[in-house]
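Chain by chain, the residues:
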Amino acid sequence: MEENKIAMVVFDMAGTTVNEDNLVYKTLRNAINDAGFDFSLDEVLAKAAGKEKRQAIRSVLSTYAGVTDEEMIAKIYDEFIVTLTEAYAREELFPQPNATDIFSALRERKILAVLNTGYDRATASSIIEKLGWKEGVEFDALVTASDVSGNRPDPDMIEFAMKQFNITDSRTVVKVGDSTIDIEEGQNAGCGLSIGITTGAHTASQLQTANPDQIINNLMELLPLIDK
């Protein structure tokens, strides 16, 4: 293989490849606020985006309310999972614009497309099922927060995906996500490119704070970066 030829692109799900109109963070905000708080969606997005969801609750409560009560965090998380499952069953989900096109374009180039997420496997699998995507057809593998011990910004999910496909050089991997923690995850894994996309949780100026290699506004903007 030529040096640094791209072998794999790791995509975040919600906000990056899945358009769910911030359903997860609206549900998370409601679960937190039901426990006696009054946070805005913007506050929740700023601190929770891209994180494993228990960690997301922890970050929101400690940042804005100085609360570190693990029992409360566990209770909010349990309510969140129940209400999110109901919300996903009820609401329509769509692929982000050009998600399936970018997967096809990568397949033509013999580049792996992997999905990774701060959701647990059960939640992530139900989303994929609802979209009608299948592992090995639209995308090559799914890695979730429940598959690894260290969650974002730790590189564990990307390293797990690399092991699955016997990729040893992290510079041949690209990470794409809509939150700063996605970019940090890519950087911590030593990815050749860590790219922010403006279709989800964080704005371009928020993404910029993580010093991504590039910020894109549409998934197809990946191709010229990969083909370089």
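Keep in mind that what you see is a predicted model, and the values were worked out from it rather than measured.

Rules behind the numbers
- Residues numbered from 1 in each chain as written.
- Predicted model: local features only at pLDDT ≥ 70, side-chain atom pairs only at ≥ 80, totals over all residues.
- Heavy atoms only, no water.
- Pairing = 2+ DSSP bridges.
- Helix = DSSP H or I, 4+ residues; strand = E, 2+ residues; numbered from the N terminus.
- Axes fitted to C-alpha atoms, helices over the stretch in contact; angles between N-to-C directions.
- Buried < 20%, exposed > 50% of the residue type's maximum accessible area, 1.4 Å probe, protein only.
- Phe/Tyr/Trp six-rings, centres within 6.5 Å; stacked < 30°, edge-to-face > 60°.
- Lys NZ or Arg CZ within 6 Å of the ring centre and 35° of its normal.

Engineer: Before we go on, may I ask you to explain the sheet that holds strand β8 (residues 214–216) in this structure?
Structural biologist: Each strand in a sheet pairs with its neighbour through backbone hydrogen bonds, running either in the same direction (parallel) or in the opposite one (antiparallel). With parallel pairing, six strands are arranged side by side in an open sheet as β5-β4-β1-β6-β7-β8. Edge positions in the open sheet fall to β5 (141–144) and β8, since each of these has one partner strand only. With strand direction ignored, the average angle separating the axes of adjacent strands in the sheet is 25°. The pairing of strand β7 (residues 193–197) with β8 spans three bridges and is classified as parallel.

Engineer: I would appreciate a short explanation of the pairing of strand β1 (residues 8–12) in the present structure.
Structural biologist: Along a regular strand, successive side chains alternate from one face of the sheet to the other. Counting buried positions along β1 yields five of five residues, so the element is predominantly enclosed. Of the two faces of β1, the one lined by Met8, Val10 and Asp12 and the one lined by Val9 and Phe11 are each fully buried. Two strands pair when backbone bridges link them, and β1 and strand β6 (residues 173–177) are joined in this way by four bridges, in the parallel orientation. Across the sheet, the residue bridging to Met8 is Val173, located in β6.

Engineer: Teacher, can you tell me more about the packing of aromatic side chains here?
Structural biologist: Taken as a whole and judged by the stated rule, the model has six aromatic pairs. When the centroid spacing of 5.3 Å and the interplanar angle of 80° are considered together, the rings of Phe103 and Trp133 count as edge-to-face. Placement of the pair is Phe103 in helix α5 (residues 99–108) and Trp133 in the loop between α6 (121–131) and β5, with a sequence separation of 30 residues. Accessibility assignment for this pair places Phe103 and Trp133 in one class, buried. Feature note: the residues Phe11, Phe103 and Trp133 constitute an aromatic cluster, connected by ring pairs. Above the ring of Tyr119, the side-chain terminus of Lys53 is found at 5.1 Å from the ring centroid. A cation over an aromatic ring shows up here: Arg54 above the ring of Tyr77, its NZ or CZ 4.0 Å from the ring centre.

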